[in-house]
Amino acid sequence: IGPASPAQVKAAGGVFGTLRRLTDSVIFNLRTTRQLDRFIRYILAIIVLLITIIISFRTFGRNITKGIEAIGRNPLAKVSIQSMIVLNVIMILAVTLGGVILSLVIISL
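What this report covers is the structure whose coordinates are included nearby. Just so you know, these numbers come straight off a predicted model, no measurement behind them.

Here we take up the overall build of the protein. For the protein, the helix and strand inventory stands at four helices and zero strands. Each helix and strand of the protein, placed in order from N terminus to C terminus, yields the pattern α-α-α-α. A total of 109 residues make up the protein; the buried ones form 19% of that total. Pairs at least 24 residues apart make up 62% of the contacts formed inside the protein by residues separated by at least 6 positions. Surface accessibility of the protein: about 8,700 Å² in total, with carbon and sulfur atoms responsible for 72%.

Below, the structure is given as structure tokens:
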């Protein structure tokens, strides 16, 4: 294993040729594998996990940043705003944990 010579890279079609060879190899391996359903389950589990993490951080994370801004605008409501921030952190953890558990269930089926 070593660096590819520029002549070989150019003969193979450059970056796009390399990407084409890589996708052809992946497609060939998927066609010949006997565990395609397991591969699809792993991909589905990764997608579910990423979607739950993104949704939880976008939804509850936005509330956390707005809460920090609100403390600066209304310092007398600091305790209630901080409790809302803690609740949002707990919700982030709960939704993310739910996504992890759902992903594990998808893989184990």
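In the contact formed by helix H3 (residues 36–73) and helix H4 (residues 78–108), the axes pass within 8 Å of each other and the chain directions differ by 180 degrees. With respect to H4, the element H3 is oriented roughly antiparallel. Class assignment of the residues belonging to the contact of H3 with H4 gives a composition of 23 nonpolar, ten polar and two charged.

Right, let's get into H3. When the terminal C-alpha atoms of H3 are compared, their 55 Å separation across 38 residues agrees well with the 56 Å that a helix rising 1.5 Å per residue should span. Each element contacted by the buried residues of H3 is listed here: H4.

Attention shifts here to the pattern of salt bridges. With the rule as written, the count across this model stands at two salt bridges. Between Asp37 and Arg41 there is a salt bridge, with its nearest N and O atoms 3.3 Å apart. Of this pair, Asp37 and Arg41 both sit in helix H3, four residues apart, which is roughly one turn of the helix. A relative accessible area of 44% means that Asp37 is categorised as partly exposed. Classification of Arg41 as partly exposed rests on a relative accessible area of 23%. For Arg73, the salt bridge is made with Glu69, and the minimal N-O distance between the two is 4.0 Å. Here Arg73 pairs with Glu69, and both are found in helix H3, just four residues apart, close to one helical turn. You can call Glu69 partly exposed: its relative accessible area is 43%.

Rules used in this analysis
Residues numbered from 1 in each chain as written. Predicted model: local features only at pLDDT ≥ 70, side-chain atom pairs only at ≥ 80, totals over all residues. Heavy atoms only, no water. Helix = DSSP H or I, 4+ residues; strand = E, 2+ residues; numbered from the N terminus. Buried < 20%, exposed > 50% of the residue type's maximum accessible area, 1.4 Å probe, protein only. Contact = heavy atoms within 4.5 Å. Areas by Shrake-Rupley, 256 points an atom, 1.4 Å probe, with all protein chains shown as cover. Axes fitted to C-alpha atoms, helices over the stretch in contact; angles between N-to-C directions. Parallel < 35°, antiparallel > 145°, perpendicular 65-115°, else oblique. Nonpolar A, V, L, I, M, F, W, Y, C, P; charged D, E, K, R; others polar. Expected span 1.5 Å × (residues − 1). Salt bridge = Lys/Arg side-chain N within 4 Å of Asp/Glu carboxyl O.

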